[in-house]
Amino acid sequence: MPIRTASARWQGNLTEGAGSIRTGKGGMEGNYSFRSRFEEGEGTNPEELIGAAHAGCFSMAFSKALADAGTTPTSVETTAKVHLDKTDAGMTVTRIELETVGAVPGIDEAQFAKIAGTAKQNCPISRLLSPGAEITLTARLTS
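Being a predicted model, the structure only gives us computed values, none of them experimental.

Q: I tried to follow the pattern of salt bridges on my own but got confused; where do I start?
A: Counting across every chain of the model gives six salt bridges. For Arg35, the salt bridge goes to Glu39, with nearest N and O atoms at 3.0 Å. For Arg35, a relative accessible area of 48% corresponds to the partly exposed category. Assessed through its relative accessible area of 38%, Glu39 is described here as partly exposed.

Written as structure tokens, this is what we have:
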């Protein structure tokens, strides 16, 4: 398997500095700052990138699990809400809320929810993050 890379550059101090983040092959690039991370400033932040990675990984794992169960999805859309909180140990990602909506012909809500739960457990990014953060899942079947 290939090794994936990303890079970041920061200039200046924590509160007034700024930086940029880039994936290895240049598919994603964004600016970030203290304001974009800890306030509501323009730009991205590491937590959004973790959320994007988690949403993407889960959507792929869920699509595979659905297809393996004989119900290939038309679409799976996932949002990850990453909570960065101040704890006794410092700033910590404490919780990630996955919210997924799937258009999957020929499946009922119970089977959809069961497969979604299994996909959450088997998603490599969920496995990476779950020892340190609570991961919740809301799965909704749509037509």
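Q: Even after reading the chapter, I still don't get helix 3 (residues 109-122), so can you show me in this structure?
A: Every α-helical turn comprises 3.6 residues, leaving residues that sit three or four positions apart pointing alike. Here helix 3 is 14 residues long and its end C-alpha atoms lie 20 Å apart, about the 20 Å a rise of 1.5 Å per residue gives. Each element contacted by the buried residues of helix 3 is listed here: helix 2 (46-68), strand 5 (90-103), helix 4 (124-129) and strand 6 (134-142).

Q: In this structure, what is going on with the sheet that holds strand 6? I would like to understand it.
A: Strands belonging to one sheet form pairs held by backbone hydrogen bonds; the direction of such a pair is parallel or antiparallel. Spatially, the three strands line up as an open sheet ordered 4-5-6, and their pairing is mixed. Of all the strands in the sheet, just strand 4 (75-87) and strand 6 have a single pairing partner and so form its edges. Pairwise comparison of adjacent strand axes, ignoring direction, gives a mean angle of 15° for this sheet. Alignment of strand 5 against strand 6, held across nine bridges, turns out to be parallel.

Q: Would you mind showing me how to read the packing of aromatic side chains here?
A: Centre-to-centre distance and the angle between the planes together describe a pair of aromatic rings. This structure, assessed with the given rule, holds four aromatic pairs. Where Trp10 meets Tyr32, the ring centres are 5.1 Å apart and the plane angle is 55°; that geometry is what we call tilted. Taken together, the residues Trp10 in strand 1 (residues 6-11) and Tyr32 in strand 3 (residues 29-33) connect sequence positions 22 residues apart. Accessibility expressed as a relative area gives 31% for Trp10, which makes it partly exposed. Assessed through its relative accessible area of 14%, Tyr32 is described here as buried. An aromatic cluster is defined as three or more aromatic residues linked by ring pairs; in this entry it consists of Phe58, Phe62 and Phe112.

Calculation rules
- Residues numbered from 1 in each chain as written.
- Predicted model: local features only at pLDDT ≥ 70, side-chain atom pairs only at ≥ 80, totals over all residues.
- Heavy atoms only, no water.
- Salt bridge = Lys/Arg side-chain N within 4 Å of Asp/Glu carboxyl O.
- Buried < 20%, exposed > 50% of the residue type's maximum accessible area, 1.4 Å probe, protein only.
- Helix = DSSP H or I, 4+ residues; strand = E, 2+ residues; numbered from the N terminus.
- Expected span 1.5 Å × (residues − 1).
- Contact = heavy atoms within 4.5 Å.
- Pairing = 2+ DSSP bridges.
- Axes fitted to C-alpha atoms, helices over the stretch in contact; angles between N-to-C directions.
- Phe/Tyr/Trp six-rings, centres within 6.5 Å; stacked < 30°, edge-to-face > 60°.

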